[in-house]
Amino acid sequence: MTIGAASRRVRVMGVLNVTPDSFSDGGRFVDADRAIERAIALVARGADIVDVGGESTRPGAEPVTAEEEGRRVIPVVRTLASAGVHVSIDTLHAETAIAAVEAGARTVNDVSGATFDQDMLHAVAAARTPDGAAAYIVLGHWRGVPDPAHQRSEYADVVTEVVDWLRERAEAAVRAGIASDRIVLDPGLGFDKTGAQCWELLRRLPELSALGFPVLVGASRKRMIAETLSGVPEAARAHPGLEHERDLATAVVSALAARAGAWGVRVHDVAATVQALAVEAAWSGGQDCARQTAAQQADRITLTGLEVFAHHGVFDFEREQGQRFIVDAEVRIDLRRAADGDALGETVHYGELAEAIDAAVRRDPVDLIETVAERAASVALGFAGVQAVRVTVHKPDAPIGLPFADVSVTVERSARGAAR
Ligand code: PMM
């Protein structure tokens, strides 16, 4: 399968930890043969990608050298890739990434967003699989090597910071030579984030999708799930049929992530997630992510004919006398939550939008209506939840020496400089 053209609605990435100290497998798959057996079971249950990791990112886990990591993972990667499995290599090390891609891994999954190893982006850009294909890269958000001694979950706005950081990392990847259609972004749930911050990232996932890259969600068995389950009766948590007591809740997250437009989910228990995704797909009538995202992006609020008297223009008399500027603004925002709850807090208050644009247009005089339009677009984008804006500034009384109806400038801008 490729990242661009989906064989299913949401990709399932099955976790294969080949470590003696992994988060949740407890080192059960250190032996290469057992790891391969486990991977084959993941694929049989419906995994589209098998994510092979040889170093635990669990806080406090012993770091491993690239050499030791390679020794653990490369034989597994080679065997699985030669059996036709889409293998992703979960690594922080460029050296391991290159060796894995050369052994057939098609994706490099770097939870540090390629900041841990400065060579990572160039290594991925240059690496080729044995059949000559360039690799995909998953860029995760993090603030450094997970360490229980570090309290690094202070954010002014976790979503804004994660989105801005990932946009910058995606741009760096493109500059390093990785094609933009080979980049996947991941909010890095649990990496220096509290449970509440992780849930907020999921709640506002469309803000990350608005960057234009596929989004991968990795909530599987994480503390955010355990915290949520702490409120349910003990007897409801014990599930003999599940490998882990957090797997059912993880599967529910997978279904909800699908609904929120995620491109893929990274999970330990593939079977539970595949079932949950089947239910979600049935419920949504087989509508695919792209269409769902497009529907979200089709929602809009339009304000037209806002008249502002201001002093913009290149001529002195325009600066002195002032004139009318007429503004049309269209903001794209997912309106379903506002409509579901009849909640003003979930949408853009059009009165406040009008006032903010009026103030931005009225501010200190400039020569060009281009500048005025840019200002208005920028304040409109500042409203919570706005994914994109289109602003037209008309100057119907412009000093043109011929009869004319109108002259205007239109700008379209996406949230936080959406990458595409
Ligand atoms: N989480 C872990 C490891 N790798 N990769 C991606 N892309 N996203 C994640 O959220 C992520 C990851 C840590 O969890 P684990 O040790 O249980 O696999």
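The written sequence of each chain sets the order in which its residues are numbered from 1. The predicted origin of the model limits local features to residues at a pLDDT of at least 70 and limits the giving and counting of side-chain atom pairs to 80 or more, whereas totals for whole chains, interfaces and linings rest on all residues. Side-chain figures throughout are based on the complete set of non-hydrogen atoms in the structure, without hydrogens or water.

Undergrad: Please set out the pairing of strand 8 (residues 264-267) residue by residue, giving values where relevant.
TA: Each residue is placed in one exposure class: buried if its accessible area under a 1.4 Å probe, protein chains only, is under 20% of its type's maximum, exposed if it is over 50%, and partly exposed if it falls in between. Here a strand is any run of E in DSSP of at least two residues, a helix any run of H or I of at least four, and the numbering for each starts at the N terminus. Across the two faces of strand 8 the burial is the same, with G264 and R266 and V265 and V267 all buried. Each pair of strands is called paired provided DSSP finds at least two bridges between the two strands. Strand direction decides the pairing type here: strand 1 (residues 11-17) and strand 8, joined by 4 bridges, are parallel. Across the sheet, the residue bridging to G14 is V267, located in strand 8. As defined by bridge partners, strand 7 (residues 216-217) adjoins strand 8 across 2 bridges and the pair is classed as parallel. Paired with L216 across the two strands is G264, which belongs to strand 8.

Undergrad: Residues and numbers for the nonpolar core, please.
TA: Judged by nonpolar contacts, the single largest core of 73 residues is most densely connected at L16, V52, L80, L121, I183, L185 and V217. Ranked by residue count, the leading element in this core is helix 5 (residues 158-175), at 8 residues. Contact between two residues is taken to exist if any of their heavy atoms lie within 4.5 Å; hydrogens are not considered. Those residues in contact with L185 that lie beyond four places of it in its chain are L139, L166, A170, L208, L211, F213, P214, V215 and L216. To qualify as a nonpolar core, a set must consist of buried Ala, Val, Leu, Ile, Met, Phe, Trp, Tyr and Cys residues joined through side-chain atoms within 4.5 Å. Within the second largest apolar cluster, 31 residues are counted, among which are A329, V331, I333 and A377.

Undergrad: Tell me what's going on with the confidence of the model for the chain, and back it up with residues and numbers.
TA: Here pLDDT means the predictor's own confidence in every residue, given as a number from 0 to 100. The predicted model of the chain has a mean per-residue pLDDT of 90, with 92% of residues at 70 or higher. Note that residues 416-420 has pLDDT below 50 and, in this model, 17 contacts with residues that lie over four places away or in other chains.

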